[in-house]
Amino acid sequence: MPIHLIVVGRIKQPGWRLVCEDYAKRLSRYDKLTIEELPDQPASGPEQARRAMALEAKAILAALPKGAHVVALDSHGRSVTSEGLAQNLAAWRQLGRPVALVIGGSEGLDGTVKQRADDLLSLSPMTLCHAGARAMLLEQLYRAATILAGHPYHK
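Read on for an overview of the structure. Every value quoted in this text rests on a predicted model; they were computed, and no experiment measured them.

**So, the sheet that holds strand β2 (residues 32–38)**
Then step 1. Across the sheet, which stays open at both edges, the five strands sit in the order β2-β1-β4-β3-β5 with parallel pairing between neighbours. The outermost strands of the open sheet, each flanked by one partner alone, are β2 and β5 (119–122). Strand-to-strand, the axes of this sheet are offset by a mean angle of 30°, without reference to chain direction.
Then step 2. Lying over the sheet, helix α3 (residues 82–95) contacts β1 (2–8), β3 (69–79), β4 (99–103) and β5, oriented at roughly 160° with respect to β3.

Set out below in structure tokens:
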């Protein structure tokens, strides 16, 4: 199944980039993975933040594959366990269409992206740095794929 990870911003720290690359490589053994990094928009105040989120939303919506099942990552989204994410991954595979997981920029996701999303998932109620969120998502997708493949689950 094609998984498209659409993210706003680049990972600048080499350590985080290595972790993300490692889990992306591992995950690609189970599902076809593409990562599209979109430019983040600078924002120094509330009005600029709204404008930045709107510009990022246009880029996100344009990057979504046609017919994709869209899952937006948002702190107010639904929380799942690793086993629950594995169940979601199994269900997404059954859809027969690409899945796009979206991580917004530093200001979050514009409402238009959340409205377009078929599902909202939360990685944690805590605030995560962008690189940490991407690494956590990739690791959990890899873990979900290994659970579905019947590999031993390490607690």
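**With respect to the side chain of N88**
Then step 1. In this structure, N88 sits in helix α3.
Then step 2. Assessed through its relative accessible area of 14%, N88 is described here as buried.
Then step 3. Those residues in contact with N88 that lie beyond four places of it in its chain are R78, V80 and L121.

**Notes on the pattern of salt bridges**
Opposite charge on two side chains permits pairing when their charged atoms draw close.
Then step 1. Evaluated as defined, the whole model comprises ten salt bridges.
Then step 2. One salt bridge in this structure joins E37 and R134, with 2.8 Å as the shortest N-O distance. Taken together, the positions of E37 in strand β2 and R134 in helix α5 (residues 130–148) put the pair 97 residues apart, joining distant regions of the chain. Across the pair, exposure class does not vary: E37 and R134 are buried alike.

**Thoughts on the packing of aromatic side chains**
Then step 1. Inspection of the entire model under this criterion finds two aromatic pairs.
Then step 2. Ring pairing ties together the aromatic residues Y23, Y30 and Y142, which thus form one cluster.
Then step 3. The cationic tip of R26 hangs over the ring face of Y142; the distance from NZ or CZ to the ring centre is 5.4 Å.

**Topic: helix α1 (residues 14–27)**
Helical geometry: 3.6 residues make up each α-helical turn, so side chains three or four residues apart lie on a common side.
Then step 1. An ideal rise of 1.5 Å per residue puts 20 Å on 14 residues; α1 measures up with 20 Å between its terminal C-alpha atoms.
Then step 2. Taken together, the buried positions of α1 are occupied by C20, Y23, A24 and L27. For α1, the arc enclosing every buried residue in end-on projection is 105°, short of the 170-degree limit, so these residues lie on one face. Seen from the open side of α1, the exposed residues pointing more than 90 degrees away from its buried face are P14, L18 and K25.
Then step 3. Residues of α1 that are buried in the fold lie against β2 and α5.

**A look at the packing of α3 against α5**
Then step 1. For the pair α3 and α5, interaxial distance at closest approach is 8 Å and the crossing angle is 75°. What the angle tells us is that α3 and α5 run roughly perpendicular. In this structure, α3 uses S82, E83, L85, A86, L89, A90, W92 and R93 to contact α5, whose residues at the interface are Q140, L141, R143, A144, A145, I147 and L148.
Then step 2. Broken down by class, the residue content of the contact of α3 with α5 amounts to ten nonpolar, two polar and three charged.

Conventions adopted
- Residues numbered from 1 in each chain as written.
- Predicted model: local features only at pLDDT ≥ 70, side-chain atom pairs only at ≥ 80, totals over all residues.
- Heavy atoms only, no water.
- Pairing = 2+ DSSP bridges.
- Helix = DSSP H or I, 4+ residues; strand = E, 2+ residues; numbered from the N terminus.
- Axes fitted to C-alpha atoms, helices over the stretch in contact; angles between N-to-C directions.
- Contact = heavy atoms within 4.5 Å.
- Buried < 20%, exposed > 50% of the residue type's maximum accessible area, 1.4 Å probe, protein only.
- Salt bridge = Lys/Arg side-chain N within 4 Å of Asp/Glu carboxyl O.
- Phe/Tyr/Trp six-rings, centres within 6.5 Å; stacked < 30°, edge-to-face > 60°.
- Lys NZ or Arg CZ within 6 Å of the ring centre and 35° of its normal.
- Expected span 1.5 Å × (residues − 1).
- Arc of directions from axis to C-beta.
- Parallel < 35°, antiparallel > 145°, perpendicular 65-115°, else oblique.
- Nonpolar A, V, L, I, M, F, W, Y, C, P; charged D, E, K, R; others polar.

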